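In case you want the letters, here they are:
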Amino acid sequence: MTEEIVASFDYQIEKDDFKIAGSASSHIKKILKQLGLPNPLVRRASIIAYELEINLVIHTVGGAMHLEVHPNCVVISTEDMGPGIEDVDQAMTEGYSTANDTAREMGFGAGMGLPNIRRCSDEFSIRSTFGTGTWIRSEIHVG
Amino acid sequence: MRKDVHAVKVRADRCTGCTRCMQSCPTEAIRVKAGLAVINAARCIDCSQCIESCPYDAHSVISGSLDEIKKYKYTIVIPAITFASQFPGDVKIDKLCFALRKLGFDLVFSEGLAVDYLKDRIREIIVNEQIKKPIISSHCPAVIRLIQTKYSSLIGHIMPTGSPVDIAANMARNLCKENLGLTDSEIGVFYLSPCPARVTNVTNPIGMQESAINVTIPIKDVYAEVLRTLSGMEDSFVELGNCMKPENLPWAESGGQALMSGVDNYIAVSGIHEVAKVFDRIEMGELDDVDFIEASSCIGGCVGGPLNIENPFVAQRNIRKLAENSTQGYFQMIDSVLAQFKHIYLTEEISPRQTNILDEDFTKAIEKMKQIEEITSRLRGLDCGSCGAPSCRALAEDIVQGKARMEDCVFYKEQQHLWRLEDESE
Ligand SMILES: Nc1ncnc2c1ncn2[C@@H]1O[C@H](COP(=O)(O)OP(=O)(O)O)[C@@H](O)[C@H]1O
Ligand code: SF4
Ligand SMILES: [Mg+2]
């Protein structure tokens, strides 16, 4: 069997860096367009990447985002160093948000990020340990 | 298939290879090869950023000239809506049109006339038709080409009507065929253009099989002569058949289309880089609640077109003055012509340009993407442009596509040289 070809990209996301928030997800969008993926898929992936990136900026101490492009799927994932989510089911509820005032002033904190990510994904998983950190993986099928 | 030819060409005698235009191009269409800027036609959108950024005036626009008047039995001149705004606000429009006809044309027919008709349709379409919101104005060909090149997901948002100049050209042709018994080949339609985008759109049209215009001439090429004629003319000389209505002139300003169409919920964005930023937002679904996007490649709208003479902001003031001063003649036949005129829609599908895609085969595209990342990581990341590509990543892309070599990077080359010296000294 030949080895599967995978293109992968890593992005470091800083806490509270509102100025460049969104630059990792625009890079991801550019890459997926260059790969010739269909527009609806690129759009879903861009929304997922953007929401994940903003969550790292506003809710965590910082973390990393990864993009992997396989011949049959696109995987976007993040991991961070905390603070973790106390009640994941609650966090996944539409409209639930713990965003602080600064984030809200910047227009974030509608509590729709995680539900949107799940809606745009073909496969979605989230693991979080309160006090430690969160790991989220979203997969979109190609073709 | 039609050849993808564009109006802007680099002048080898003036280009110094300074890389400014390359850095300003929104589609990364320019490379500097052997000290000379080279435009990739498959990526060019005719936005004029290269012209604007060049300190050496090294870009020429391949366009027509007044000499071509003699090729036709009957000639119509359509001045762009911006035309009148190039003259002081106290100029008399009737007189201006007369001076224009004196260049050798048989009829002056204004682009603004189509605006009269189009503005109400635009509102109706926004209210009634099932087109994805926000609807993007189809007015600026450079914007449409930007969508085709980088934002193909937005093609379905484009307003289905043609732009006023093309509608006007068809109207004028029909008018002369019906009233004067002329055939198509006897009629020459000349357009006085504010921009290369419209020059290209005649030979290489978007959304239509063929343009009804035969010759495009830059406004700046006829300006001096019109001014000369104007200054030698009595005030009593007026063009009776003129149809440049002052109240239509704001169409040439960013925001004018929305204003004149009576659309309230809109964004008027101008300058191609800002347009791209707004398009990014639309793609993310952030502007779904906006009805209309009036996007112009040029800053300030068509008054900012590079083939105009006047500063765009002075031109805007001229427009306001013209509108105040004028109670001007108006083409009488028009209403009847308009009533029967139906050709306002784009007739050809607008399709994506595939120039940004690494490979048709998805697996190969992934492979290439891997190589691009690998090469990019070995480059300095300075985006200095010395290699002739707009960024380190663009060079990596070119290398993978077989269009450049690693040695084009000056730092890499120097490093190689050092390695060689080390080898030799061992
Ligand atoms: N990576 C994360 N680390 C810690 N908490 C998170 C993380 N992502 C999301 N959350 C929590 O889940 C909540 C809901 O997230 P989301 O649906 O994106 O809405 P919003 O970001 O608007 O608050 C957030 O308010 C936050 O409490
Ligand atoms: S904004 Fe107007 S002048 Fe500028 S490129 Fe577009 S159509 Fe031409
Ligand atoms: Mg969120």
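A brief look at the structure comes next. In this text, all values refer to a predicted model and were calculated from it rather than measured experimentally. (Residues numbered from 1 in each chain as written. Chains lettered and ligands numbered in written order. Predicted model: local features only at pLDDT ≥ 70, side-chain atom pairs only at ≥ 80, totals over all residues. Heavy atoms only, no water.)

Bringing the sheet that holds strand E5 (residues 74–79) of chain B into the picture now. All names here are of chain B. Read across the sheet, four strands follow the order E6-E5-E8-E9 without closing on themselves; strand pairing throughout is parallel. If you trace the sheet from one side to the other, it starts and ends with strand E6 (107–108) and strand E9 (215–218), each paired once. Strand direction decides the pairing type here: E5 and E6, joined by two bridges, are parallel. Each bridged residue has a counterpart across the sheet, and for Ile-76 the counterpart in E6 is Leu-107. In the packing of helix H8 (residues 219–231) onto the sheet, contacts are made with strand E8 (187–193) and E9, and the angle to E9 comes to roughly 70 degrees. (Pairing = 2+ DSSP bridges. Helix = DSSP H or I, 4+ residues; strand = E, 2+ residues; numbered from the N terminus. Contact = heavy atoms within 4.5 Å. Axes fitted to C-alpha atoms, helices over the stretch in contact; angles between N-to-C directions.)

Before going further, it helps to spend a moment on the site of ligand 1. Residues and elements named next belong to chain A. In the region of ligand 1, 20 residues are neighbours, and His-59, Ser-97, Thr-98, Gly-111 and Leu-114 sit closest. Contact between ligand 1 and Ser-97: an oxygen atom at 2.6 Å from a side-chain N or O atom of the residue. At a separation of 3.4 Å, an oxygen atom of ligand 1 approaches a polar backbone atom of Gly-109. In isolation ligand 1 has 530 Å² of accessible area, and contact with the protein removes 94% of it. Those elements that provide at least two residues to the shell around ligand 1 are helix H2 (39–59) and helix H5 (113–120). For the shell around ligand 1, the per-class residue count stands at nine nonpolar, ten polar and one charged. (Near = heavy atom within 4 Å. Polar contact = N/O pair within 3.5 Å; in protein donor to acceptor, adjacent residues only side chain to side chain. Areas by Shrake-Rupley, 256 points an atom, 1.4 Å probe, with all protein chains shown as cover. Nonpolar A, V, L, I, M, F, W, Y, C, P; charged D, E, K, R; others polar.)

Another point: the interface of chain A and chain B. Contacts between the two partners involve 22 residues from chain A, matched on the other side by 24 residues from chain B. On the chain A side of the interface with chain B, the three residues burying the most area are Ile-5, Gln-34 and Leu-35 of chain A, jointly 32% of the side's total. Notably, a salt bridge pairs Glu-283 of chain B with Lys-29 of chain A, separated by 2.7 Å at the nearest N-O pair. Counting the contacts that link chain A with chain B gives eight residue pairs in polar contact (both at pLDDT 80 or more). Only strand E1 (7–14), helix H1 (23–34) and H2 of chain A provide two or more residues apiece to the side of chain A that touches chain B. Here the side of chain A that touches chain B gets six residues from one element, more than from any other, and that element is H1 of chain A. The residue inventory of the side of chain A that touches chain B, partitioned by class, reads twelve nonpolar, six polar and four charged. (Buried area = accessible area lost by both parts, 1.4 Å probe. Salt bridge = Lys/Arg side-chain N within 4 Å of Asp/Glu carboxyl O.)

We now examine unusual backbone geometry. Between Gly-82 of chain A and Pro-83 of chain A the backbone carries a cis peptide bond, its omega angle lying at 15 degrees. The residue Pro-83 of chain A is located in the loop between strand E3 (73–80) and helix H3 (88–91) in this model. The phi dihedral of Thr-19 of chain B is positive, around 75 degrees, even though this residue is not glycine. With respect to the helices, strands and loops of the structure, Thr-19 of chain B is situated in the loop between strand E1 (8–10) and helix H1 (20–24). Its identity as a non-glycine residue notwithstanding, Asp-57 of chain B has a phi of 50 degrees, on the positive side.

Strand-to-strand pairing in sheets goes through backbone hydrogen bonds, with the strands running parallel or antiparallel. All names here are of chain A. The five strands are arranged E1-E2-E3-E5-E4 in an open sheet whose pairing can be described as antiparallel. Here the strands that pair on one side only, and so sit at the sheet edges, are E1 and strand E4 (123–129). Pairwise comparison of adjacent strand axes, ignoring direction, gives a mean angle of 10 degrees for this sheet. Where E4 lies against strand E5 (residues 133–141), seven bridges are found, and the strand directions are antiparallel. Bridge pairing in E5 links Ser-125 to Arg-137.

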